[in-house]
Amino acid sequence: MRLTPQQQTTIRRIVADQAGEAARVRLFGSRLDDTARGGDVDLMVELDEPVEQPARLSATLSARISRHLQGRRVDVVLSAPNLRPLPIHEVARREGVLL
């Protein structure tokens, strides 16, 4: 995994601040490949409660995490009971790692 323990802690803290303590975060995509270089940070945030403004939450999380990762691009996918499941959710669950 190409995130330091400090970066992982920062991501978890930001997600908890914005989405609640119960939110779970999965890293998936190219950052799981220790032999790769560069690439964005792909995260899935899993929530047990419905999200009122999912686009806003996703954008806020992406921007705040990106700032703490020196501007690295961060893509955030949300999973919540009121959101339609997409194929990317299954990929993130199957291949992702909980932070």
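Residues numbered from 1 in each chain as written. Predicted model: local features only at pLDDT ≥ 70, side-chain atom pairs only at ≥ 80, totals over all residues. Heavy atoms only, no water.

- Within an unreviewed UniProt entry, the label attached to the chain reads Nucleotidyltransferase domain-containing protein, and the organism entered is Ectothiorhodospira marina.

Topic: the packing of helix H1 (residues 5-19) against helix H2 (residues 54-68)
Right, on to step 1. The N-to-C vectors of H1 and H2 enclose an angle of 150°; their axes lie 10 Å apart at closest approach. In this view, H1 runs roughly antiparallel relative to H2, as classed from their interaxial angle. You can see that H1 and H2 cross each other, and the crossing is right-handed. Residues Thr10, Ile11, Arg13, Ile14, Val15, Gln18 and Ala19 of H1 touch H2, and the partners they reach there are Leu57, Thr60, Leu61, Arg64, Ile65 and His68. (Axes fitted to C-alpha atoms, helices over the stretch in contact; angles between N-to-C directions. Helix = DSSP H or I, 4+ residues; strand = E, 2+ residues; numbered from the N terminus. Parallel < 35°, antiparallel > 145°, perpendicular 65-115°, else oblique. Left-handed = near helix turned anticlockwise from the far one by under 90°. Contact = heavy atoms within 4.5 Å.)

Section: the pattern of salt bridges
Right, on to step 1. Scanning the entire structure with this criterion turns up seven salt bridges.
Right, on to step 2. Here aspartate 17 ties to arginine 13 by a salt bridge, and the two come within 3.9 Å at their closest N and O atoms. Highlighted residues: aspartate 17 and arginine 13, both in helix H1, separated by four residues, approximately one helical turn.
Right, on to step 3. Arginine 13 sits in the partly exposed class, given a relative accessible area of 40%.
Right, on to step 4. When the shortest N-O distance is used, the salt bridge between arginine 73 and aspartate 75 registers 3.3 Å.
Right, on to step 5. Judged by relative accessible area, aspartate 75 falls into the partly exposed class, the value being 24%.
Right, on to step 6. The structure contains a network of salt bridges with shared partners spanning Arg24, Arg26, Glu46, Asp48 and Arg93. (Salt bridge = Lys/Arg side-chain N within 4 Å of Asp/Glu carboxyl O. Buried < 20%, exposed > 50% of the residue type's maximum accessible area, 1.4 Å probe, protein only.)

What about the nonpolar core?
Generally speaking, a soluble globular protein has its nonpolar side chains buried in company with each other.
Right, on to step 1. Ranked by internal contacts, the top residues of the largest apolar core, which has 21 residues, are Ile11, Val15, Leu43, Val45, Leu61 and Ile65.
Right, on to step 2. Listing elements by their share of this core, those giving two or more residues are H1, strand S1 (24-28), strand S2 (41-46), H2 and strand S3 (74-79).
Right, on to step 3. Excluding anything up to four places from it in sequence, valine 45 contacts Val15, Ala23, Arg24, Leu61, Val76, Val77, Leu78 and Ser79. (Core = buried A, V, L, I, M, F, W, Y, C linked by side-chain atoms within 4.5 Å.)

What about the pairing of S1?
Right, on to step 1. When you tally the buried positions in S1, you get four out of five residues, the bulk of the element.
Right, on to step 2. Two elements, S1 and S2, share five bridges in a ladder whose sense is antiparallel. When the sheet's bridge partners are listed, phenylalanine 28 is paired in S2 with aspartate 42. (Pairing = 2+ DSSP bridges.)

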